[in-house]
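Examining the three-dimensional arrangement
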Amino acid sequence: MARASSGLAYPERFYAAAAYVGFDGSPNSNDKDIGSRFSNDVALILYALYQQATVGPCNVPKPSLWNPVEQGKWKSWKQLGNMVSAEAMRLFVKILEEEEPGWYSRESNSVLEPVTDVQMNHNAIVEPIIENRNPFAETKTISAENGGLIEAQDIDVVSEGLGSVVVYDQWTSPPITGQRPKGRYEHAAAVVEDKMYIYGGNHYGRYLSDLHVLDLRSCTWSKVEAKVESKSVETPSPLNITPSAGHSLIPWENKLLSIAGHTKDPSETFQVKAFDLQIGTWSMLNTYGKPPVSRGGQSVTLVGTTLVIFGGQDAKQTLLNDLHILDLETLTWDEIDAVGVPPSPRSGHAAAVHAERYLLIFGGGSHATCFNDLHVLDLQTMEWSRPTQQGEIPVPRAGHAGVTVGENWFIVGGGDNKSGASETVVLNMSTLAWSVVTSVEGRVPLASEGLSLVVGSLNGEDILISFGGYNGHYNSEVNVLKPSHKSTLQSKIMEGPVPDSVSAVHNATNPTRDLESEFEVGQEGKIRETAIDNFEPMKSKGGETSEHILAMLKAEKEELESSLNNEKLLSLQLKQELADAEARNTDLFKELQSVRGQLASEQSRCFKLEVDVAELRQKLQTMETLQRELELLQRQKATSEQVAINTKQRQGSGKSYPVQCSIHLIKSSNHGYSLFLQSRREVADIRTFCKSLFK
């Protein structure tokens, strides 16, 4: 909702702003040097919007002569296309308010008149507002849950500030004074002692490093002139505190910790910056261990004395789903390898911790889609689970913001690349049941991406405070919602009470536990008794009685009994499947034993064959020896025969040789011949054996 800072209605409000800037009212007027008061970009857009509002779309020819100033003015005007005059007027005033929030009080001290807000619907109520300590009335529209409007109330808000927030479960825009920060998104916010701090963010594509504080008691903005601590005593040059967006801001002791974030010149270093609230200086924390890769759009959750960092997007546009823990007492990093199925890589999600044990992750987006899934990490067992959500599950979204009030987790804003999420929803972290608190209408900051959400205190009651966001415009508005008991107990009424919040989440994250022990008769009686004690004094708007609540609980009991029977049937089916699997396992074991026996027999047969082959090799060697002896005997025989022939010839010629020599030769010949015959028989036997062996 864009709230103007002057009391004039359009178009008078626009002409007052134009006169303040330096345009005298004529269509081609720009005689005052606005370039000396604004940057070149702002001066050009103000000129273009003024021409669009007073003359209309740019139909004049492009300047023929080369004049950078005239060329730039013509180009800025031409780029507005067919923008309607009313929209150009509104944007003119909005940009002027961002650059000089107190312009109207410096321009005129006249009595302020009621104005009509141009960004809400046509039905409106009048509510007073203060701008620069000048009280006047502003017309404002606040959407109710059923689409109607809250009735007008006569409230004196000149001195009350946030005390004007008297309506429960509805967003209101309280009167804010002081120098309002520039419109932005992807910034970070935190509350410390009734002060809301805003740091960094994205403004028209530029990363910011400014620090602003909103005093929640006086509803006054002020800018913190932060100093930068030098690197060391030896090197007094200051640290480079780079502008960032998509970071997280965590209060810790007397400091604000800025965790990670996108920067203009990305590096691989995961930065942890600290702002000392007492001395007003920024410094860089030196951490130990292996830090995560630099990123933005992650979630950072304070659990005791540790920070739990999940997901985000690194400098290379890679989506992450890793999990890291930073111990703030030792400043030591630890990368966690949790079991179970983690959430898919994402950024722009929301995280919360329940009962100092369960980390809840909701929504977020990838490059192509947005999510509305809910994941739970048990920080004791480091196990991921995806429980079943109950109630009105929110639409997929990314860039939303969330805070916890007790066991209730409020989610505001976000979008799905098509439109902003208009519902403010709450999750009861005990029952995991969603419900809608309220809705807004139109393109308002509460239905934008990259807004911040914190919890403050007003008269002992918690209040939700949102700031900024982007929905086609960079917003810088503050909106406040005071949650009622209805919004914090609605989930319980819808889903049934659970006496132990921790065990409820534990049950949801462990659906395979034994359901019989959960729904025993005695336990059911205890739950029913607790439910009656909790809800019997309460009655809804429609006159809901305790009998009606008992009927609801009875129906719920029947539903739980039916669910238990289904679980028992499923358990029996699983047992039968287990028995079948065990029987198949027994058959396979027997078959394995049989195969092992056959394998042992084959191994024994192979061993025998190896022995037989060794014996055959030995006999073959013997046969080779006999073969050589046979050849020797054959030569001896040939020699003996030759001697016998020679002897016979000599006898015929009358010559004689000693008888002993002849006898010796004959014996030798006979011996060799017998050896030859024996060798022939052995070779035949060996061949016969080999043939029988290898048949």
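For the structure given in this document, a descriptive report is provided here. Just so it is clear, the structure is predicted and the values come from calculations on it, not from any experiment. (Residues numbered from 1 in each chain as written. Predicted model: local features only at pLDDT ≥ 70, side-chain atom pairs only at ≥ 80, totals over all residues. Heavy atoms only, no water.)

What follows is about the overall build of the protein. Check the secondary structure of the protein and you find eleven helices and 32 strands. Counting only residues that meet the buried cut, the protein has 44% of its 695 residues in that class. Summed over all atoms, the accessible surface of the protein reaches about 37200 Å², with 52% contributed by carbon and sulfur. (Helix = DSSP H or I, 4+ residues; strand = E, 2+ residues; numbered from the N terminus. Buried < 20%, exposed > 50% of the residue type's maximum accessible area, 1.4 Å probe, protein only. Areas by Shrake-Rupley, 256 points an atom, 1.4 Å probe, with all protein chains shown as cover.)

Another point: helix H1 (residues 12–21). Summarising burial for H1: seven of the ten residues are buried, a large majority. Among the residues making up H1, those that are buried are Arg 13, Phe 14, Ala 16, Ala 17, Ala 18, Tyr 20 and Val 21. Gly 22 sits one or two positions beyond H1 and adopts a positive phi of about 140 degrees.

For the rest of this paragraph, the subject is the side chain of His 247. By secondary structure assignment, the location of His 247 is in the loop between strand E11 (244–245) and strand E12 (248–252). In terms of polar contacts, His 247 uses its side chain to reach the backbone carbonyl oxygen of Tyr 199, at 2.9 Å. Only 3.2 Å separates the side chain of His 247 from the side chain of Ser 244, close enough to count as a polar contact. Once residues within four sequence positions are removed from consideration, His 247 is found in contact with Glu 186, His 187, Ala 188, Tyr 199, Gly 200, Gly 201, Ser 258, Ile 259, Ala 260, Gly 261 and Gln 298. (Polar contact = N/O pair within 3.5 Å; in protein donor to acceptor, adjacent residues only side chain to side chain. Contact = heavy atoms within 4.5 Å.)

Now for unusual backbone geometry. With a phi close to 55 degrees, Tyr 204 is a non-glycine residue in the positive phi region. Judged by its relative accessible area of 48%, Tyr 204 is partly exposed.

What follows covers the packing of H1 against helix H4 (residues 85–99). Packing of H1 against H4 leaves a shortest axis separation of 9 Å and a crossing angle of 50 degrees. One finds that H1 runs oblique with respect to H4. Judged by the twist between their axes, the crossing of H1 over H4 is left-handed. Contact with H1, carried on its side by Arg 13, Phe 14, Tyr 15, Ala 17, Ala 18, Tyr 20 and Val 21, involves Met 89, Phe 92, Val 93 and Leu 96 of H4 and no other residues of that element. (Axes fitted to C-alpha atoms, helices over the stretch in contact; angles between N-to-C directions. Parallel < 35°, antiparallel > 145°, perpendicular 65-115°, else oblique. Left-handed = near helix turned anticlockwise from the far one by under 90°.)

Moving on, we get to the sheet that holds strand E21 (residues 350–354). Strand order in the open sheet made by the four strands is E21-E22-E23-E24, with antiparallel pairing throughout. The open sheet is flanked by E21 and strand E24 (383–385), the only strands paired with a single partner. The mean inter-strand angle of the sheet, taken between neighbouring strand axes irrespective of direction, is 20 degrees. Examined bridge by bridge, strand E22 (residues 358–365) and strand E23 (residues 370–378) share seven bridges and lie antiparallel to one another. (Pairing = 2+ DSSP bridges.)

This brings us to the pairing of strand E30 (residues 452–458). Among the seven residues in E30, five count as buried, and that is most of the element. Both E30 and strand E31 (residues 461–467) contribute to a ladder of seven bridges, which runs antiparallel. In the strand pairing of E31, Val 454 is matched with Ile 465. The hairpin formed by E30 and E31 contains two residues between the paired strands, and Asn 459 there has a positive phi angle of roughly 55 degrees.

Below, the discussion takes up the packing of aromatic side chains. Two numbers describe a pair of aromatic rings. These are the distance of the centres and the angle of the planes. Scanning the entire structure with this criterion turns up 15 aromatic pairs. Their ring planes at 40 degrees and their centres at 4.7 Å tell us that Tyr 199 and Trp 282 sit as a pair that is tilted. One end of the pair, Tyr 199, is in strand E7 (residues 195–203); the other, Trp 282, is in strand E16 (residues 281–284), with 83 residues separating them in the sequence. Judged on exposure class, the residue Tyr 199 and its partner Trp 282 are both buried. Members of the aromatic cluster, joined through ring pairs, are Phe 14, Tyr 15, Phe 23, Tyr 50 and Phe 92. Here Arg 346 stacks its cationic end above the ring of Phe 371, 4.3 Å away from the centre of that ring. Across the ring face of Tyr 168, the terminal group of Lys 482 is positioned such that the distance to the ring centre comes to 5.1 Å. (Phe/Tyr/Trp six-rings, centres within 6.5 Å; stacked < 30°, edge-to-face > 60°. Lys NZ or Arg CZ within 6 Å of the ring centre and 35° of its normal.)

Here we come to the pattern of salt bridges. With the rule as written, the count across this model stands at nine salt bridges. Across the salt bridge formed by Glu 87 and Arg 90, the nearest N and O atoms sit 3.1 Å from each other. You can see Glu 87 and its partner Arg 90 sitting in helix H4, three residues apart, about one turn around the helix. Across the pair Arg 184 and Asp 210 runs a salt bridge whose closest N-O atoms are separated by 2.8 Å. Note that Arg 184 is positioned in the loop between strand E5 (177–178) and strand E6 (188–191) and Asp 210 in strand E8 (residues 206–215), a separation of 26 residues in sequence. Look at Arg 184 and you get buried, because its relative accessible area is 0%. The class for Asp 210 is buried, based on a relative accessible area of 15%. (Salt bridge = Lys/Arg side-chain N within 4 Å of Asp/Glu carboxyl O.)

Let us look at the sheet that holds strand E10 (residues 227–228). Here we have five strands laid out as an open sheet, ordered E10-E16-E15-E13-E12, and mixed in their pairing. The sheet is open, and its two borders are formed by E10 and E12, each paired with just one other strand. Strand direction decides the pairing type here: E12 and strand E13 (residues 255–259), joined by five bridges, are antiparallel. Bridging from a neighbouring strand, Leu 249 pairs with Ser 258 of E13.

Moving on: the pairing of E6. Relative to E7, E6 is paired through four bridges, and the arrangement is antiparallel. Its bridge partner lying in E7, Ala 190 is registered against Tyr 197. Where E6 folds back onto E7 in an antiparallel hairpin, the turn is made up of three residues, including Glu 193, whose phi is positive at roughly 50 degrees.

By the secondary structure assignment, Val 55 is in the loop between helix H2 (40–54) and helix H3 (68–78). Placed 30 residues apart in sequence, Val 55 and Ser 85 show a C-alpha to C-alpha distance of 8.5 Å.

A word on the environment of Ser 484. Examined against the element boundaries, Ser 484 turns out to sit in the loop between strand E32 (478–481) and helix H6 (485–495). With 317 residues separating them in the primary sequence, Ser 484 and Val 167 have C-alpha atoms 9.1 Å apart. Leave out the neighbours within four places in its chain, and Ser 484 touches Tyr 168 and Asp 169. Here Asp 169 takes part through its side chain, which lies 2.4 Å from a polar atom of the side chain of Ser 484.

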